[in-house]
Amino acid sequence: MSDSGLNPNRRKRTPGDPVERLAELRHEFGEHGGVNMSIEASTTFTVLEAGTMPEIFQGRLGPDEGGCFLYGRHFNPTVFVLGRQLAALEGAEAGYCASSGLAAISAALLGCLEHGDHIVASDTLYGGTWAMLAEFLPAKCGITTTFVDVTDLDAVRSAMTSRTKVLYCESLTNPTLRVPDLSELSTIAHEQDSTFIVDNTFTPLVITPIDHGADVVVHSLTKFINGASDFIAGAVVGTGEFIGSLMDLHVGPLMILGPTMDPQVAHSIGLRVPHLPIRMVEHSRRAMEFATRLQALGVRTVYPGLSDHPDHERFKTLARSEYGFGGLITIDAGTRERAERLMEDLQNIEGFGFMAVSLGYFDTLMSCSASSTSSEMDDDSLDAAGISPGLVRMSIGFTGSLEQRWNQFERALERCGLIEASS
Ligand SMILES: *Cc1c(COP(=O)(O)O)cnc(C)c1O
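None of the values given here were measured: they were computed from a predicted structure.

**Student:** Would you explain the overall build of the protein in this entry?
**Tutor:** Helix and strand counts for the protein come out as 15 helices and 12 strands. At 22 Å, the protein has a C-alpha radius of gyration in line with the 22 Å of a compact globule built from 423 residues. Its C-alpha atoms give the protein principal-axis dimensions of roughly 85 × 55 × 35 Å. Pairs at least 24 residues apart make up 72% of the contacts formed inside the protein by residues separated by at least 6 positions. Of the accessible surface of the protein, which amounts to about 17600 Å², a share of 52% is contributed by carbon and sulfur atoms. Distance between charge centroids for the protein: 3 Å, based on 31 positive and 54 negative side chains.

What follows is the structure in structure tokens.
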């Protein structure tokens, strides 16, 4: 069935470079000729001819067909602009936004699945996604998930059943920073006519999953894409038909569950997309530099840019080299106590960064994964996923100078006994 086109969610790839696609979007002028688009704050829209109301409600007469927008929980023009930016970023036909990353993820999943269906998913996922798949969906929707190591293709293949409608993974596993072979996973998904969904929150621009066979890409815009840690937001991109189905007036999860993005939020985030490329380059440059120096000092460091990373070569084949290897590194402090001491020192003594969950901020954020973002997982699952108690995940920021930040880092490592004191 693989290429029969039976599954309308199957990708339609837009070729080319994400930054060039963004630049080619029709420019949206503000109402008064401003260089930024105006915010369309209206929750409802004016119908000009009473007789067209039924067609507008049946979705047959949109704003491009002489009708109008319907209602703010359905499409909003400002939110639509951000959706188009993200579709351009990911090389997808269409995109739309939601009030959070998890709302985008649940909408994408429910858009593909019915009661009794089955998901095969990575065993290292963002904690909230893991809870949705492991607990929420089986309890509330009768949808079950088999979790596998997605770097083990045989395990993935044998987990697929005739009811498997979705194969789900993250472009970079959290927090273990493994890189799945997206092309192979896409082939396995399509053999079953399943939809391959990739969460690309960790690697916008660095990796474009649709280029490697993903059908649907989801994002938490709360992280790198927004970059200022001031909005919770999400997005889903895919075929025009798939995005349209999420807005179906009867069974569309974005329409019926109502995780609507506020147009003011869409406008603010849209203004940060044009400088995402510059930010990603600097996050990656600093993360590479720190990872290299940490490793040279004997600190157990995981970063896909290091040549001893198990997926270093695969990352290079998937990634756009001008954006480096991403902004996330992990170091293993050995024990939870030492990890906590290090983070306290870095924050409270050195002012190197903040002890906080989340990522993609302009300052460095650090958290101990086992006791924070992955705490939804039980000890056995943590162990199986290779998330040790002393693992500190760092989202490397770009404020201050690189050498100033490195000196802070080195002093804290010395005080916590992770490296020898330099004389
Ligand atoms: C944060 C995050 C999410 C959830 O996004 P929210 O915006 O917090 O709902 C999903 N996936 C990944 C990889 C994340 O980092």
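**Student:** I keep staring at the site of the ligand and nothing clicks. Help me out?
**Tutor:** Taken together, 14 residues are adjacent to the ligand, and Gly101, Asp199, Ser220, Thr222 and Lys223 come closest. Between an oxygen atom of the ligand and a main-chain N or O atom of Leu102, the distance comes to 2.8 Å. The contact in question runs from an oxygen atom of the ligand to an N or O atom on the side chain of Lys223, over 2.7 Å. Relative to its unbound accessible surface of 390 Å², the ligand loses 94% to contact with the protein. In terms of residue class, the shell around the ligand is made up of 7 nonpolar, 5 polar and 2 charged.

**Student:** Even after reading the chapter, I still don't get the sheet that holds strand E8 (residues 301–302), so can you show me in this structure?
**Tutor:** Backbone hydrogen bonds hold the strands of a sheet together, and the pairing may be parallel or antiparallel. An order of E8-E9-E12-E11-E10 is seen for the 5 strands of this open sheet, with the pairing classed as mixed. What marks the edges here is a single partner per strand, and that holds for E8 and strand E10 (353–355). Across 2 bridges, the pairing between E8 and strand E9 (residues 328–332) is antiparallel. Considered in E9, the bridge of Val302 is made with Thr330.

**Student:** Honestly, the sheet that holds strand E7 (residues 234–238) in this entry has me stumped. Any pointers?
**Tutor:** Pairing within the open sheet is mixed, and its 7 strands lie in the order E1-E7-E6-E5-E4-E2-E3. In the strand order of this sheet, the two ends are held by strand E1 (94–98) and strand E3 (144–148), each with one partner. Neighbour-to-neighbour, the strand axes of the sheet open up by a mean angle of 20°, direction not taken into account. Sheet analysis places strand E5 (residues 195–199) next to strand E6 (residues 216–220), joined by 3 bridges and oriented parallel. Along E6, the bridge assignment pairs Val198 with Val217. Lying on the sheet, helix H3 (residues 77–90) is in contact with E1, E6 and E7; it crosses E1 at an angle near 125°. Sitting on the sheet, helix H5 (residues 127–141) touches strand E2 (118–122), E3 and strand E4 (164–170), and the angle it makes with E3 is about 135°.

**Student:** Even after reading the chapter, I still don't get the pattern of salt bridges, so can you show me in this structure?
**Tutor:** Pairs may arise between side chains of opposite charge once their charged atoms sit close together. Overall, the coordinates contain 21 salt bridges when judged by the stated rule. A salt bridge links Arg285 to Glu282; the nearest nitrogen and oxygen atoms lie 2.9 Å apart. A residue pair is termed a helical-turn pair when its members lie 3 or 4 positions apart in one helix, as Arg285 and Glu282 do in helix H11 (residues 276–296) at 3 residues. Since its relative accessible area comes to 45%, Arg285 is described here as partly exposed. Its salt-bridge partner being Asp311, residue Arg314 comes within 3.5 Å of it at the nearest N-O pair.

**Student:** I would appreciate a short explanation of unusual backbone geometry in the present structure.
**Tutor:** Negative phi values dominate among residues other than glycine, just as trans dominates among peptide bonds. Residues Asn174 and Pro175 are joined by a peptide bond in cis, for which omega reads -5°. With respect to the helices and strands, Pro175 occurs in the loop between E4 and helix H7 (182–191). For Leu177, which is not glycine, the phi torsion reads 60° and is therefore positive. Looking at where Leu177 falls in the secondary structure, it is placed in the loop between E4 and H7.

**Student:** How should I be thinking about helix H13 (residues 336–349) in this particular structure?
**Tutor:** Helical periodicity: at 3.6 residues per turn, an α-helix aligns residues three or four positions apart in one direction. Over its 14 residues, H13 runs 19 Å from end to end, which matches the ideal 20 Å to within 8%, given 1.5 Å per residue. Each element contacted by the buried residues of H13 is listed here: E9, E10, strand E11 (364–368), strand E12 (391–395) and helix H15 (402–415). Note on H13: the residue one or two positions beyond its end, Gly351, has a positive phi of about 65°.

**Student:** In this structure, what is going on with the environment of Pro18? I would like to understand it.
**Tutor:** Topologically, Pro18 is positioned in helix H1 (residues 18–24). Sequence separation of Pro18 and Val265 is 247 residues, and the distance between their C-alpha atoms is 22 Å. Apart from the residues lying within four places of it in its own chain, the contact partners of Pro18 are Ala88, Leu89, Leu205, Thr208 and Arg320.

**Student:** What exactly am I supposed to notice about empty space enclosed by the protein here?
**Tutor:** The gaps of empty space that remain are located by a probe, the size of a water molecule, rolled over the atoms. Tallying each qualifying case throughout the model produces 2 cavities of 30 Å³ or more. Space inside the largest cavity adds up to approximately 40 Å³. Along its surface, the largest cavity is lined by Arg286, Phe290, Phe352, Thr364, Ile396, Gly397, Phe398, Thr399 and Arg405. For the lining of the largest cavity, the residue count by class is 4 nonpolar, 3 polar and 2 charged. As a volume, the second largest cavity reaches approximately 30 Å³. Along the walls of the second largest cavity sit Arg73, His74, Tyr96, Cys97, Met247, Leu254, Pro259, Thr260 and Met261, which together make up its complete lining. In the lining of the second largest cavity, the residues fall into 6 nonpolar, 2 polar and 1 charged.

Calculation notes
All residue numbers refer to position in the chain's written sequence, counted from 1. With pLDDT at 70 or above as the cut-off, local features in this predicted model cover only qualifying residues; side-chain atom pairs require 80 or more to be listed or tallied, and sums for whole chains, interfaces and linings still use all residues. Hydrogens are left out, water is left out, and the side-chain values use all remaining heavy atoms of the structure. Labels follow the DSSP assignment, with helices taken as runs of H or I lasting at least four residues and strands as runs of E lasting at least two, numbered in each case from the N terminus. Note on method: radius of gyration uses C-alpha positions; expected globular size equals 2.2 Å times residues raised to 0.38. Note on contacts: a residue pair is in contact if any heavy atoms of the two residues lie within 4.5 Å. Methods summary: accessible areas were calculated by the Shrake-Rupley approach with a probe of 1.4 Å, and residue burial reflects only the protein chains presented. In this tally, Lys and Arg are treated as positive and Asp and Glu as negative; His is ignored, and so are the chain termini. For charged residues, the charge sits on one atom: NZ in Lys, CZ in Arg, CG in Asp, CD in Glu. Proximity is defined per residue: if any heavy atom of the residue lies within 4 Å of a molecule or strand, that residue is considered near it. Pairs of N or O atoms are called polar contacts if they sit within 3.5 Å, as long as, within protein, a hydrogen donor faces a hydrogen acceptor (for residues adjacent in sequence, only side-chain-to-side-chain pairs). Note on residue classes: Ala, Val, Leu, Ile, Met, Phe, Trp, Tyr, Cys and Pro are nonpolar, Asp, Glu, Lys and Arg are charged, and everything else, Gly too, is polar. A strand pair is defined by DSSP finding two or more bridges across the two strands. To obtain each axis, a line is fitted to C-alpha atoms, and for helices this fit is confined to the stretch in contact; angles are then taken between N-to-C directions over 0 to 180 degrees. A pairing counts as a salt bridge when a side-chain nitrogen of Lys or Arg comes within 4 Å of a carboxyl oxygen of Asp or Glu. Residue burial is assigned from relative accessible area. The probe radius is 1.4 Å, only protein chains are included, and a residue is buried under 20% of its type maximum, exposed over 50%, and partly exposed in between. Here, expected helix span is obtained from the residue count minus one, scaled by 1.5 Å. A pocket, in this scheme, is an open set of points on a 1 Å grid over the protein atoms alone with protein on both sides within 12 Å along at least 5 of 7 lines, while a cavity is a set where a 1.4 Å probe fits but cannot get out; residues line either one if an atom lies within 4 Å of a point. Grid points are joined across faces, edges and corners, and a volume is the space filled by probe spheres set on the points.

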